[in-house]
Every structure is written in structure tokens, then in C-alpha cells.
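Inside the fold
Chain by chain, the residues:
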Amino acid sequence: MGKLEGKVAFITGAARGQGRSHAIRLAQEGADIIAVDVSQQVDTVPYDTARPGDLEETVREVEALDRRIVATEADVRDLSALQQAADNGVAQLGRIDIVLANAGISTMAPTLEMDETMWQTMIDINLTGVWKTVRAAAPHIVAGGRGGSIVLTSSLAAMWANENIAHYSAAKAGLIGMMQVLAKELAPQSIRVNTVHPTTVATEMILNDATYRLFRPDVEQPTRADFEEAARQLNRLPVSMVKPVDISNAILYLVSDDGRYVTGTTHVVDAGGRL
């Protein structure tokens with residue numbers, strides 16, 4: 001028996017990166033998955049967002065673990081599409097016990113130079129999209145009457161300031177307040193709500209030329225190695241990045257009975273980055 005045997009998890013941003021890792025890790029512990037993501041490029045984002053075939057690969061990897069998965073293309077900016085994804089998932093899998101509001105983007109510009117579209121797209125996806133995810137999926141946890149768990153993917157950037165990401169930090173900090181309110185509102189239904197705050201994670205959102213240039217403006221054409229040299233300075237532990245599974249393992253603790261009395265917390269996985 002896995003720690004999540006018989007549970008169903010609703011996960012956004014599940015086509016790749018942390019979202020795929022979460023789907024696989026929870027499936028390894030017995031959960032069935034409702035996976036949501038887009039397959040079209042998100043405007044304003046300087047790196048490739050999820051593409052056709054990415055979500056299907058998540059499906060293949062979960063099914064290889066002999067778990068069920070229902071995958072839907074939906075943008076977290078579209079509440080109706082998220083509600084349909086949740087309703088369809090429940091129709092096929094019977095319930096939702098866990099919600100992982102993981103989908104997010106990263107763009108970078110000085111605060112006084114970014115345009116309105118860059119700011120608004122960030123808030124629409126990384127903050128409002130999280131609320132829409134919870135609004136669409138969490139009522140199914142309430143209706144089940146069995147309790148459950150919600151984890152909002154925030155960031156170390158909500159706690160530790162860096163230049164050029166005012167919109168990102170604002171969105172991720174906003175999730176803390178949202179989480180704390182939800183934790184109070186849903187506690188009577190035995191639904192726990194927490195945020196997770198990763199440092200730099202080795203995913204496509206980070207491993208791209210735009211990020212390399214931000215971290216190494218002193219190098220004309222910085223490589224991943226150049227980026228890692230700079231990123232290593234952010235952490236006290238001698239690593240440049242953590243792996244997606246490191247965040248998945250933290251989330252597993254929060255959503256399983258191991259964390260059955262943990263709610264309203266900011267769970268940090270930062271390799272000592274705040275110290």
C-alpha cells in the first residue's frame with residue numbers, strides 16, 4: 001500500500017517540469033491523477049512553454065506505474081475549462097482528494113521597464129490562475145466529506161527579493177495570504193492548505209538562455225555552466241539547483257498522512273538560500 005492509495009490528485013502544469021514530477025511521485029504512492037496543462041506558447045514568456053505531446057508523455061509515465069490518469073488541455077486563466085477538467089476527472093475517477101496548484105511562468109524585466117502585458121500575464125497565471133484552480137477543484141474535496149489537502153506552489157522569491165521579478169514576487173507572495181485564508185476556511189472540513197517555496201529548480205522554466213543571461217550579464221553568451229556558477233552562490237548548501245523530485249517529495253509529505261496536522265504553513269525547500 002502506498003501512502004496515497006485510493007486518492008485522486010488534481011495537478012496543473014502537469015505536462016512537464018515540476019508538475020510531471022509531482023504526478024509521477026504521487027502515482028508511485030498509489031494516487032490516480034487528473035492532469036491539466038496547455039500545449040500552446042504563452043505570450044510574454046521567453047522560453048518554450050509546454051508543447052503538444054508533453055502532456056501525453058506524462059500520461060504514459062503515470063500509466064506505466066499502473067495508475068489511472070485523466071489529462072485535459074486547459075489554461076489556468078480559464079475557470080470554465082478548469083471546472084470542466086475537474087468535473088470530467090471526477091466523473092471518471094470518482095473523487096478529488098488533493099489539489100496541486102502548480103502551473104506558473106517566469107518572465108524577467110526591471111520593474112520600471114516591464115510593460116503592462118508582461119505584468120498582467122504573470123498575475124493572471126501565477127496568482128489568479130491559482131485561485132481559479134482551487135475554485136474549480138477544491139469543491140470536489142469538500143463534497144467528498146473525507147478531508148484532503150491543497151498545496152499552492154509559491155517560491156523562495158516570495159520571501160527573498162531579487163531584481164527584475166517584481167511581478168513574479170508579488171504573485172508568489174500573494175499565494176501566502178491566499179493559502180492562510182483558505183487554511184482557516186477549510187479547516188472545519190479537515191482540508192489542509194499549505195504553500196511550498198522552492199529555490200531554483202532544474203526545469204525548463206530555469207534552464208533557458210533568458211535565465212542564463214539574467215544570472216550572468218557579465219558573459220556575452222552564457223552557458224548552463226556559467227549560470228550554475230552564479231546560481232550556486234544563492235544557496236548555502238553546495239548546489240546550484242534542486243531537482244523537481246525534491247519538491248515532489250516535500251509535497252508528498254504535505255498531502256499524505258505524514259503531514260496530517262500540517263496546515264497554514266510555508267514549506268521551504270531552498271538549500272539554505274534564505275540564510
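The rules we used
Residues numbered from 1 in each chain as written. Predicted model: local features only at pLDDT ≥ 70, side-chain atom pairs only at ≥ 80, totals over all residues. Heavy atoms only, no water. Salt bridge = Lys/Arg side-chain N within 4 Å of Asp/Glu carboxyl O. Helix = DSSP H or I, 4+ residues; strand = E, 2+ residues; numbered from the N terminus. Buried < 20%, exposed > 50% of the residue type's maximum accessible area, 1.4 Å probe, protein only. Domains from an automatic or database assignment. Contact = heavy atoms within 4.5 Å. Buried area = accessible area lost by both parts, 1.4 Å probe. Axes fitted to C-alpha atoms, helices over the stretch in contact; angles between N-to-C directions. Parallel < 35°, antiparallel > 145°, perpendicular 65-115°, else oblique. Left-handed = near helix turned anticlockwise from the far one by under 90°. Nonpolar A, V, L, I, M, F, W, Y, C, P; charged D, E, K, R; others polar. UniProt positions renumbered as here; feature names shortened; annotations may be inferred. 1 Å grid on protein atoms, 1.4 Å probe; cavity = no way out; pocket = protein on both sides within 12 Å on 5 of 7 lines; lining within 4 Å. Points joined across faces, edges and corners; volume = space filled by probe spheres on them. Core = buried A, V, L, I, M, F, W, Y, C linked by side-chain atoms within 4.5 Å.

Points about the pattern of salt bridges
Applying the stated criterion across every chain yields a total of 15 salt bridges. Across the salt bridge formed by R67 and E5, the nearest N and O atoms sit 3.7 Å from each other. Here R67, found in the loop between α2 (54-63) and β3 (69-73), pairs with E5, found in the segment before β1 (8-12); they are 62 residues apart in sequence, far enough to count as distant. Classification of E5 by relative accessible area gives partly exposed; the value is 33%. Residues joined by salt bridges that share partners form a network here, namely E5, D32, R67 and R68.

What to know about the domain arrangement of the protein chain
The domains assigned to the protein chain are domain 1 (8-201 + 243-268) and domain 2 (207-240). If you average the C-alpha positions of domain 1 and of domain 2, the two centres end up 26 Å apart. Each partner contributes to the interface: domain 1 provides six residues, whereas domain 2 provides eight residues. Carbon and sulfur atoms make up 66% of the surface buried where domain 1 meets domain 2, a total of about 600 Å² over both sides. Ranking the residues of domain 1 by area buried against domain 2 places Y47, M108 and T200 at the top, with a combined share of 60%. Along the contact surface separating domain 1 from domain 2 lie zero salt bridges.

So, the packing of helix α4 (residues 116-144) against helix α5 (residues 166-186)
A packed helix pair is summarised by two numbers, namely the angle formed by the two axes and the spacing between the axes. One way to put it is that α4 packs onto α5 with a least axis distance of 9 Å and a crossing angle of 20°. With respect to α5, the axis of α4 lies roughly parallel. α5 is crossed by α4, and the crossing has right-handed handedness. From α4, M118, W119, M122, I123, N126, L127, V130, W131, V134 and V142 reach across to α5, where they touch A166, H167, Y168, A170, A171, K172, G174, L175, M178, L182 and L186. Split by residue class, the contact of α4 with α5 holds 17 nonpolar, three polar and one charged.

Description of the environment of A103
With respect to the helices and strands, A103 occurs in the loop between β4 (98-101) and α4. Put simply, A103 and V38 are 65 residues apart on the chain and 9.6 Å apart in space, counted from C-alpha to C-alpha. Excluding anything up to four places from it in sequence, A103 contacts T12, G13, V76 and I125.

A short note on the UniProt feature "coiled-coil region" (unreviewed entry) in the protein chain
The positions that UniProt labels "coiled-coil region" (unreviewed entry) are, in the present scheme, residues 55-82. Helix and strand shares over residues 55-82 are 46% and 18% respectively, and the end C-alpha atoms of the span are 16 Å apart.

Section: the layout of surface pockets
Computed from the structure, the second largest pocket encloses a volume of approximately 230 Å³. Around the second largest pocket, the lining comprises 15 residues; the ones closest to its centre are K7, G148, R192, V255 and D257. Residue composition of the lining of the second largest pocket, grouped by class: three nonpolar, five polar and seven charged.

Some remarks on the packing of helix α1 (residues 17-28) against α2
Put simply, α1 and α2 touch, their axes get as near as 9 Å, and they point 15° apart. Classified by the angle between their axes, α1 and α2 sit roughly parallel to one another. The handedness of the crossing between α1 and α2 is right-handed. Here R20, A23, I24 and A27 of α1 come into contact with α2, specifically with D54, E57, T58, E61 and V62. Taken together, the residues that form the contact of α1 with α2 break down as four nonpolar, one polar and four charged.

Examining the nonpolar core
With 43 residues, the main nonpolar core has F10, I96, I150 and L152 as its most contacted residues. Where this core is concerned, the elements lending two or more residues are β1, β2 (32-37), α3 (79-93), β4, α4, β5 (148-153), α5 and β6 (191-198). In this structure I150 touches V99, V134, A138, I141, L186, I191, R192, V193 and N194, once residues within four positions along its chain are discounted. Of all hydrophobic cores here, the second largest spans 30 residues; its members include I11, L55, V196 and L254.

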